[in-house]
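Residues per chain are reported as follows:
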Amino acid sequence: MSLSVFYRGSKIRFRINLSRRRMLSFAGIATFIGLVTWQPWEYRGVDPEFAQAQITEEQKNLILQQKAVKALKEDTQKQLGAMKVYLGELRAQMRRLDALGERLAGVANLDNGEFNFQQEMPIGGPEIEVAELPQASGSDVLTDIEDMLSKISDKQKQLSLLESVMMNHQLNNDAYIAGRPISDGWLSSQYGIRKDPFNGTPAMHKGLDFASYNEDVQVVATGAGVVTWAGDRYGYGQLVEIDHGGGLKTRYGHNHKLLVNVGDVVTRGQQIAEMGSSGRSTGPHVHYEVLRNGKQIDPNQFVYRKAD
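Every value quoted in this text rests on a predicted model; they were computed, and no experiment measured them.

Structural notes on the overall build of the protein
Step number 1: When its secondary structure is counted, the protein shows four helices and 14 strands.
Step number 2: Counting only contacts in the protein whose residues sit at least 6 apart along the sequence, the fraction spanning at least 24 positions is 61%.
Step number 3: With an accessible surface of roughly 22000 Å², the protein has 55% of that area assigned to carbon and sulfur atoms.

Section: the confidence of the model for the protein
In low-pLDDT regions, the fine details of the predicted coordinates are not to be read closely.
Step number 1: When pLDDT is averaged along the protein, the result is 76, and 67% of the positions lie at 70 or above.
Step number 2: Segment residues 169–175 is flagged for pLDDT under 50; beyond a separation of four residues in sequence, or across chains, it makes 10 contacts in the model.

Description of the pairing of strand 8 (residues 225–233)
Step number 1: One ladder, built from two bridges, connects strand 8 with strand 11 (residues 265–266); its direction is antiparallel. Opposite Val226, over in strand 11, you have Val265 as the bridge partner.
Step number 2: In this sheet, strand 9 (residues 237–245) lies alongside strand 8 in antiparallel orientation, the contact comprising seven bridges. Across the sheet, residue Val226 finds its bridge partner in strand 9, namely Asp243.
Step number 3: What sits between strand 8 and strand 9 in their antiparallel hairpin is a turn of three residues, with Gly235 showing a positive phi close to 85°.

Description of the pattern of salt bridges
Step number 1: Counted under the stated rule, the structure contains five salt bridges.
Step number 2: Its salt-bridge partner being Arg251, residue Glu241 comes within 2.7 Å of it at the nearest N-O pair. Here Arg251 lies in strand 10 (residues 248–258) and Glu241 lies in strand 9, a separation of 10 residues in the sequence.
Step number 3: Through salt bridges with shared partners, a single network forms among Arg233, Glu241, Lys249, Arg251 and Glu289.

Side note on the nonpolar core
Step number 1: Membership of the largest hydrophobic core comes to 23 residues, with the highest contact counts inside it found for Val219, Val240, Ile242, Tyr252, Val266, Ile272 and Tyr288.
Step number 2: At the level of secondary structure, the elements contributing two or more residues to this core comprise strand 6 (208–211), strand 9, strand 10, strand 12 (271–275), strand 13 (285–292) and helix 4 (300–303).
Step number 3: Ignoring sequence-local partners within four residues, the contact set of Ile242 consists of Ala221, Gly225, Val226, Val227, Thr228, Leu248, Lys249, Thr250, Tyr252, Val266 and Ile272.
Step number 4: Listed in part, the five residues of the second largest apolar core include Leu90, Ile145, Leu149 and Ile152.

Considerations on the pairing of strand 4 (residues 192–195)
Step number 1: Pairing analysis gives four bridges linking strand 4 to strand 5 (residues 202–205), with the strands arranged antiparallel. For Ile193, the partnering residue across the bridge sits in strand 5 and is Met204.
Step number 2: What sits between the antiparallel neighbours strand 4 and strand 5 is a turn of six residues, in which Gly200 has the positive phi angle 80°.

Quick notes on a nonpolar patch on the surface
Step number 1: Taken together, Phe26, Ile29, Phe32 and Ile33 make up a surface patch of nonpolar side chains, about 450 Å² in accessible area.
Step number 2: Examined against the element boundaries, Phe32 turns out to sit in helix 1 (residues 20–38).

Some remarks on the environment of Thr282
Step number 1: Along the chain, Thr282 turns up in the loop between strand 12 and strand 13.
Step number 2: Taking the C-alpha atoms as reference points, Thr282 and His254, 28 residues apart in sequence, are found 10.0 Å from one another.
Step number 3: When residues no more than four places from it in sequence are discounted, the contact partners of Thr282 are Pro197, Phe198 and Ser277.

Some thoughts on the packing of aromatic side chains
Step number 1: By the definition in use, this model includes two aromatic pairs.
Step number 2: For the ring pair Trp186 and Tyr213, a centre distance of 5.5 Å and an interplane angle of 55° mean the geometry is tilted. Taken as a pair, Trp186 in strand 3 (residues 186–189) and Tyr213 in the loop between strand 6 and strand 7 (218–220) lie far apart in primary sequence, 27 residues in all.
Step number 3: Among the residues examined, Trp186 registers a relative accessible area of 38% and is labelled partly exposed.
Step number 4: On the basis of relative accessible area, Tyr213 is assigned to the exposed category, the value being 72%.
Step number 5: Judged by centre distance (5.4 Å) and plane angle (45°), the ring pair of Tyr252 and Tyr288 falls under tilted. Here Tyr252 is found in strand 10, whereas its partner Tyr288 is found in strand 13, with 36 residues between them in sequence. Pair check on accessibility: Tyr252 and Tyr288 agree, each one buried.
Step number 6: Positioned over the ring face of Trp229 is Arg233, at 4.7 Å from the centre of the ring.

Some points on the side chain of Arg251
Step number 1: By relative accessible area, Arg251 is classed as buried at 10%.
Step number 2: If we ignore the near neighbours within four places in the chain, the residues touching Arg251 are Arg233, Tyr236, Leu239, Val240, Glu241, His287, Tyr288, Glu289, Leu291 and Gln296.

What about unusual backbone geometry?
Step number 1: In this structure, His254 is a non-glycine residue whose phi angle is positive, near 70°.
Step number 2: On the secondary structure map, His254 appears in strand 10.
Step number 3: The exposure class of His254 is buried, given its relative accessible area of 5%.
Step number 4: Even without a glycine there, the phi angle at Asn293 is positive, about 55°.
Step number 5: By the secondary structure assignment, Asn293 is in the loop between strand 13 and strand 14 (295–297).
Step number 6: Relative accessible area serves as the criterion here: at 62%, Asn293 is assigned to the exposed category.

The rules behind these values
Residues numbered from 1 in each chain as written. Predicted model: local features only at pLDDT ≥ 70, side-chain atom pairs only at ≥ 80, totals over all residues. Heavy atoms only, no water. Helix = DSSP H or I, 4+ residues; strand = E, 2+ residues; numbered from the N terminus. Contact = heavy atoms within 4.5 Å. Areas by Shrake-Rupley, 256 points an atom, 1.4 Å probe, with all protein chains shown as cover. pLDDT = per-residue confidence, 0-100. Pairing = 2+ DSSP bridges. Salt bridge = Lys/Arg side-chain N within 4 Å of Asp/Glu carboxyl O. Core = buried A, V, L, I, M, F, W, Y, C linked by side-chain atoms within 4.5 Å. Buried < 20%, exposed > 50% of the residue type's maximum accessible area, 1.4 Å probe, protein only. Patch = residues over 30% accessible without salt bridge, like charges linked within 9 Å, V, L, I, M, F, W, Y side chains within 5 Å. Phe/Tyr/Trp six-rings, centres within 6.5 Å; stacked < 30°, edge-to-face > 60°. Lys NZ or Arg CZ within 6 Å of the ring centre and 35° of its normal.

This is the structure:
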């Protein structure tokens with residue numbers, strides 16, 4: 001490969017022939033001259049003005065961060081102080097509720113051994129470790145504590161009113177209902193959410209279950225009243241419902257045989273049916289409900305009340 005250059009002027013003519021070797025030589029010489037002139041390996045330093053500007057900017061950022069950390073610390077200390085005050089109020093409210101609960105238990109003739117407000121609730125069972133605790137800000141915790149204090153205050157007012165009513169009226173509308181609805185057996189299922197015995201899903205159990213493996217177990221009325229239902233009912237099987245007045249009713253489900261009819265007047269302790277396993281049932285037991293104004297409530301308060 002060669003390169004030829006011709007030039008013609010008015011008085012000058014010349015011709016240059018460049019071969020590949022000459023071209024490479026010229027390129028190498030040009031590169032060498034460029035490197036020697038530029039000297040990229042030589043350290044040229046940092047622009048002092050640029051460096052000073054960067055340092056000043058970082059110093060400003062550090063000052064801002066220090067102020068933010070200081071403000072966060074002060075805010076956290078204030079929130080912790082507020083939490084201590086709230087916790088003190090909660091303890092005081094709980095002590096008042098315990099004292100009020102003891103008085104109500106005494107007035108209602110409840111078993112003080114079972115309803116002991118001086119002891120912690122016995123709890124237990126297998127537990128599953130949680131990888132992380134739930135996240136919450138200080139303001140969220142304070143809001144939750146304020147809501148709890150408000151609810152406790154409302155409950156305290158309600159209990160105080162109830163105490164006044166019970167003190168002034170030893171017998172009220174629901175005092176006629178008392179005791180267990182069976183002659184023999186034990187409590188097999190509590191009121192509240194439980195695992196459905198048929199499909200295993202969580203379900204609300206709106207009564208108490210009393211079971212027994214003995215034969216001829218009597219189902220008895222827990223209060224005087226008028227029978228308003230005596231027959232088969234969906235889910236309950238053979239059911240007896242008694243109206244006790246004052247908006248209170250009781251139900252006795254899953255019976256084997258009914259001994260009363262609609263319109264019958266019954267007294268507390270009178271046998272109304274024989275225990276069975278009719279309806280949606282897994283074995284011989286009585287499903288016992290207490291209704292106030294058409295809504296099921298926890299029957300425990302009536303089961304453990306003494307029938308004077």
